[in-house]
Amino acid sequence: MKNVVILISGTGSNMAAIVRTAQQQNWATRLGARVAAVISNRPGAGGLRTAADAGIATAVVDHKAYPSREAFDAALMQAIDAHDPAGQPALVVLAGFMRILTPDFVAHYEGRLINIHPSLLPAFPGLHTHQRALDEGCKLAGVTVHRVTAELDHGQILAQAAVPVLPGDTADTLAARVLTQEHLIYPRAVAQLLQEPIC
Ligand code: GAR
């Protein structure tokens, strides 16, 4: 069985969309894959409850408990790899995981680590993407699924979806419109990767 581990920091609506799709599309039989665990760096992340309610193993690796980024990432790697008998899951999926990862972590999961970012990369890497798109007068906004490299919000683009920016939009209304697209393209991208040989 190909194991997928999802990392979250908050609500986990993208994680929930992946879990829902995996169930609806019967990934276990069709792709020989399952969401093995959901891990959060924040003990209070709402997505932990959602995952537990769906019968998925959860864990917390609280970044505040570690003296350095390196120590946190080492503990996180250990927690992730514990969910695969072969010692490394097929895919590690960042879904609203709001931590910058060290080059060692990225190298450890090379080819198996993906992220979703709420902008049309390479535009607007980093934070506050929706407000920045509004400030620039963008007519389109959107979301990108990409492979993770050591450089923040860079890496091969795997999927994108665009939405219009509408008159009167605020960062919140735009974020909500983008999020509906996130929930469509992320499960699709994960399923596609699970069919590739590296997984
Ligand atoms: C999503 O919009 C995701 O694209 C974004 O955080 C939100 C998490 O929502 N990720 C980033 O900004 C990463 N740079 P969710 O917890 O409901 O999936």
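Attention in this report is confined to the structure presented alongside it. Throughout, a residue's number is its position along its own chain's written sequence, starting from 1. Local features in this predicted model are restricted to residues whose pLDDT is 70 or higher, and side-chain atom pairs enter the listing and the counts only when it is 80 or higher, whereas totals over whole chains, interfaces and linings include all residues. With hydrogens and water set aside, each side-chain value is computed from the structure's full complement of heavy atoms.

Some remarks on the nonpolar core
So, step 1. What is meant by a nonpolar core is a set of buried Ala, Val, Leu, Ile, Met, Phe, Trp, Tyr and Cys residues, joined one to another through side-chain atoms within 4.5 Å. Burial status follows relative accessibility: with a 1.4 Å probe on protein chains alone, a residue under 20% of its type maximum counts as buried, one over 50% as exposed, and anything between as partly exposed. Membership of the largest hydrophobic core comes to 38 residues, with the highest contact counts inside it found for Ile-6, Val-93, Tyr-186, Val-190 and Leu-194.
So, step 2. Secondary structure counts use DSSP, requiring at least four H or I residues in a row for a helix and at least two E residues in a row for a strand, with both numbered from the N terminus. The greatest single-element share of this core, amounting to nine residues, is contributed by helix 7 (residues 171–194).
So, step 3. Among all residues touching Ile-6, those that are not within four sequence positions of it are Met-15, Ile-18, Val-35, Ala-37, Val-38, Ile-39, Val-93 and Ala-95.
So, step 4. Membership of the second largest hydrophobic core comes to 20 residues, among which are Val-61, Ile-80, Val-92 and Phe-97. Pairs of residues are marked as contacts when any of their non-hydrogen atoms sit within 4.5 Å.

Regarding helix 7
So, step 1. An expected span of 1.5 Å times one less than the residue number is assigned to each helix. The end-to-end C-alpha distance of helix 7 is 33 Å, a good match for the 34 Å that 24 residues give at a rise of 1.5 Å each.
So, step 2. Among the residues making up helix 7, those that are buried are Leu-174, Val-178, Glu-182, Ile-185, Tyr-186, Pro-187, Ala-189, Val-190, Ala-191, Leu-193 and Leu-194.

Observations concerning the pattern of salt bridges
So, step 1. Salt bridges are defined as contacts in which a side-chain nitrogen from Lys or Arg sits within 4 Å of a carboxyl oxygen from Asp or Glu. For the coordinates displayed, the defined rule picks out two salt bridges.
So, step 2. Among the ionic pairs, Arg-147 bridges to Glu-196, the shortest N-O distance being 3.8 Å. Within this pair, whereas Arg-147 is found in strand 6 (residues 140–147), its partner Glu-196 is found in the segment after helix 7, the two being separated by 49 residues in sequence.
So, step 3. The partner of Arg-177 in a salt bridge is Asp-169, and the shortest N-O contact between them spans 2.7 Å.
So, step 4. Residue Arg-177 is classed as partly exposed on the basis of its relative accessible area, which comes to 21%.
So, step 5. For Asp-169, a relative accessible area of 14% puts it in the buried group.

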